[in-house]
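Secondary and tertiary structure notes
Okay, here's what each chain looks like letter by letter:
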Amino acid sequence: MSAALPPGPRIVTERLLLRRWTDADRAPFARMNADPAVMEHFPAVLDAAASAALIDRVEAGFERNGFGLWAVERLDSGQFIGFVGLAVPGFTAHFTSPPGSEPGPAVEIGWRLAAEAWGNGFASEAASAVLEYGFGTLGLSEIVSFTARSNVRSQRVMERIGMVRDAAGDFSHPALPGSHPLAPHVLYRARRSPESAVIQR
Ligand SMILES: CC(C)(COP(=O)(O)OP(=O)(O)OC[C@H]1O[C@@H](n2cnc3c(N)ncnc32)[C@H](O)[C@@H]1OP(=O)(O)O)[C@@H](O)C(=O)NCCC(=O)NCCS
């Protein structure tokens, strides 16, 4: 591991390291964001500049919030495969203030992996650890997730990690015209269970 790595937080799972971003991630991240298969459920692929700007925004968020979309690396090969992590949605919707809880922004869990890494359970393995981090270490009371209705793969991850569909929570993504095929979104929720221990890392 390079001494130049930025500080934590980091999360280690059975097969993966979730860590802050390095300059070496920029090229493989740009490649995956330019892949139409990876970006099928987004309005457009990202060019290299937009991909780099996303890393910069994520890193600024880590500094500000202490959490973010972690860069995911395979422990066996050290290969960067994408991101899994937490974010504060950059738009307002009915769920962005969690109901019945302390006021404040909702926190979402999200993921994006290079296509060659799909089908191994990596997204679910990382996401389970991120939920545990969010509830245990960060003390969040609720974490939401949402995706285009057409993104069944992503919904399968939400279900695999124990999130529950809030069918009444479906919404039209405010960044897209209502008529856009990707506008209809589904909402999933996970709540901290009473036994979620505060984990010191
Ligand atoms: C969404 C995304 C992360 C899901 O990736 P994934 O690899 O399908 O998800 P998982 O990590 O849960 O892996 C599950 C698959 O691995 C298989 N698998 C193999 N080994 C496994 C293991 N040890 N544990 C669990 N699943 C395993 C499962 O059978 C399943 O395969 P299937 O797709 O054929 O049913 C990926 O499709 C992606 O990056 N998409 C593009 C970006 C995107 O849409 N992001 C979400 C926006 S909201």
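Please read all numbers here as calculations on a predicted model, not as lab measurements.

In this section: the site of the ligand. Near the ligand, the surroundings consist of 21 residues, among which Leu 113, Gly 119, Ala 123, Ser 124 and Arg 160 are the closest. The side chain of Trp 118 places a nitrogen or oxygen atom 3.2 Å from an oxygen atom of the ligand. A distance of 3.4 Å separates an oxygen atom of the ligand from a polar atom in the side chain of Arg 156. Its free accessible area being 950 Å², the ligand has 72% of it covered by the protein chains. Mapped by element, the contributors of at least two residues to the shell around the ligand are β5 (108-113), α3 (122-137), β6 (142-148) and α4 (152-160).

Here Ser 128 lies in helix α3. On the basis of relative accessible area, Ser 128 is assigned to the partly exposed category, the value being 36%. Remark: the alpha-carbon pair of Ser 128 and Gly 82, spanning 46 residues in sequence, is separated by 16 Å.

What follows is about the packing of aromatic side chains. Here the structure, examined in full by the defined rule, presents 12 aromatic pairs. Here Phe 95 and Phe 146 contribute two aromatic rings whose centre-to-centre distance is 5.4 Å and whose plane-to-plane angle is 45°, an arrangement assigned as tilted. Highlighted residues: Phe 95 in the loop between β4 (80-87) and β5 and Phe 146 in strand β6, separated in sequence by 51 residues. For Phe 95, a relative accessible area of 0% translates into the label buried. Judged by relative accessible area, Phe 146 falls into the buried class, the value being 12%. Feature note: the residues Trp 21, Phe 29, Phe 80 and Phe 83 constitute an aromatic cluster, connected by ring pairs. Over the ring of Phe 42 we find Arg 112; its NZ or CZ atom is 4.7 Å from the centre of that ring.

The complete set of buried residues in α4 reads Ser 154, Gln 155, Val 157 and Met 158. All buried residues of α4 lie within an arc of 150° about the axis, which places them on one face of the element. Trailing α4 by a residue or two, Gly 162 shows a phi angle of about 90°, which is positive.

Turning to its location among the elements, Val 38 is positioned in the loop between α1 (26-33) and α2 (48-65). Classification of Val 38 as buried rests on a relative accessible area of 8%. Sequence spacing of Val 38 and Glu 125 is 87 residues, and the spatial spacing of their C-alpha atoms is 19 Å. Every residue in contact with Val 38, bar those within four places of it in the chain, is listed here: Met 32, Arg 112, Leu 113, Ala 114, Ala 115 and Trp 118.

Criteria and thresholds
- As a convention, each chain's residues are numbered from 1 in the sequence order in which they are written.
- Since the coordinates come from a predicted model, pLDDT governs what is reported: local features require at least 70, and pairs of side-chain atoms require 80 or more to be given and counted, while whole-chain, interface and lining totals use all residues.
- Remark: hydrogens and water are excluded; side-chain values derive from all non-hydrogen atoms of the structure.
- Any residue with a non-hydrogen atom lying within 4 Å of a molecule or strand is treated as near it.
- Pairs of N or O atoms are called polar contacts if they sit within 3.5 Å, as long as, within protein, a hydrogen donor faces a hydrogen acceptor (for residues adjacent in sequence, only side-chain-to-side-chain pairs).
- Here the Shrake-Rupley method, with its probe set to 1.4 Å, supplies the accessible areas, and only the displayed protein chains count as covering residues.
- Only DSSP runs of H or I covering at least 4 residues are called helices, and only runs of E covering at least 2 are called strands; the numbering of each starts at the N terminus.
- Burial classes follow relative accessibility: with a 1.4 Å probe on protein chains only, a residue under 20% of its type's maximum area counts as buried, one over 50% as exposed, and anything between as partly exposed.
- Pairing of aromatic rings covers Phe, Tyr and Trp, the last through its six-membered ring, and needs centres within 6.5 Å; plane angles under 30 degrees mean stacked, over 60 mean edge-to-face, and all others mean tilted.
- Ring-over charges, as used throughout, are those where CZ of Arg or NZ of Lys falls within 6 Å of the ring centre and within 35 degrees of the ring normal.
- It is the directions from the helix axis to the C-beta atoms that the arc portrays.
- Contact definition: two residues touch when any of their heavy atoms are within 4.5 Å.

On their own, these measurements won't tell you what the molecule is for.
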